[in-house]
Amino acid sequence: SMCLDPRLTSNIKATAASTTDECQVTPVIHVLQYPGCVPKPIPSFACIGRCASYIQVSGSKIWQMERSCMCCQESGEREASVSLFCPKAKPGERKFIKVTTKAPLECMCRPCTGVEE
């Protein structure tokens with residue numbers, strides 16, 4: 001049987017630190033699209049880069065794994081409202097509509113989470 005003595009501990013110095021965090025706000029062109037409207041490219045920002053992640057045997061409980069998953073994500077966001085020209089608007093509908101768009105304010109390595117709807 002594979003029984004581990006709970007008094008047994010390991011001392012692992014993870015080399016995850018060697019992969020440096022490179023996560024930054026990067027200018028991008030975001031094309032806003034809305035049905036019946038002319039697509040409009042606007043300058044925006046994205047979080048692009050990489051962050052150190054690892055999984056290793058736990059230092060104190062060697063029968064457990066210890067994981068750290070860090071992702072390049074936004075911290076804070078900015079909003080902008082943009083008007084789109086909609087030539088295919090039916091009579092009575094507006095030819096211009098206002099849409100609100102969001103962009104990251106800053107980027108940093110944060111624990112990974114799923115995409116929020």
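Cut-offs applied
Residues numbered from 1 in each chain as written. Predicted model: local features only at pLDDT ≥ 70, side-chain atom pairs only at ≥ 80, totals over all residues. Heavy atoms only, no water. UniProt positions renumbered as here; feature names shortened; annotations may be inferred. Helix = DSSP H or I, 4+ residues; strand = E, 2+ residues; numbered from the N terminus. Buried < 20%, exposed > 50% of the residue type's maximum accessible area, 1.4 Å probe, protein only. Contact = heavy atoms within 4.5 Å. Phe/Tyr/Trp six-rings, centres within 6.5 Å; stacked < 30°, edge-to-face > 60°. Salt bridge = Lys/Arg side-chain N within 4 Å of Asp/Glu carboxyl O.

The protein goes by Bursicon in an unreviewed UniProt entry, where it is assigned to Tenebrio molitor. Of the protein, the UniProt comment under Subunit (unreviewed entry) reads exactly: "Heterodimer of burs and pburs."

1. Re the environment of Ile48
Mapped onto the elements, Ile48 comes out in strand S2 (residues 40–50). Assessed through its relative accessible area of 44%, Ile48 is described here as partly exposed. Here the alpha-carbon distance between Ile48 and Pro27, two residues 21 residues apart in the chain, equals 9.6 Å. Not counting residues within four places of it along the chain, the set of residues in contact with Ile48 comprises Glu22, Cys23, Gln24, Thr26, Val28 and Cys72.

2. Examining the packing of aromatic side chains
Applying the stated criterion across every chain yields a total of 1 aromatic pair. Judged by centre distance (5.2 Å) and plane angle (40°), the rings of Phe85 and Phe96 are tilted. Placement of the pair is Phe85 in strand S5 (residues 70–85) and Phe96 in strand S6 (residues 96–111), with a sequence separation of 11 residues.

3. So, the side chain of Ser58
Structurally, Ser58 is set in the loop between strand S3 (54–57) and strand S4 (65–68). In this structure Ser58 comes out as buried when scored by relative accessible area, which is 6%.

4. Observations regarding the pattern of salt bridges
Any two side chains of opposite charge can pair if their charged atoms end up close together. With the rule as written, the count across this model stands at 2 salt bridges. In this structure, Arg50 and Glu22 form a salt bridge, with 3.1 Å as the shortest nitrogen-oxygen distance. Residue Arg50 is located in strand S2, and its partner Glu22 is located in strand S1 (residues 22–32); the two are separated by 28 residues in the primary sequence. Lys102 is the salt-bridge partner of Glu77, the closest N and O atoms lying 3.1 Å from each other. Taken as a pair, Glu77 in strand S5 and Lys102 in strand S6 lie far apart in primary sequence, 25 residues in all.

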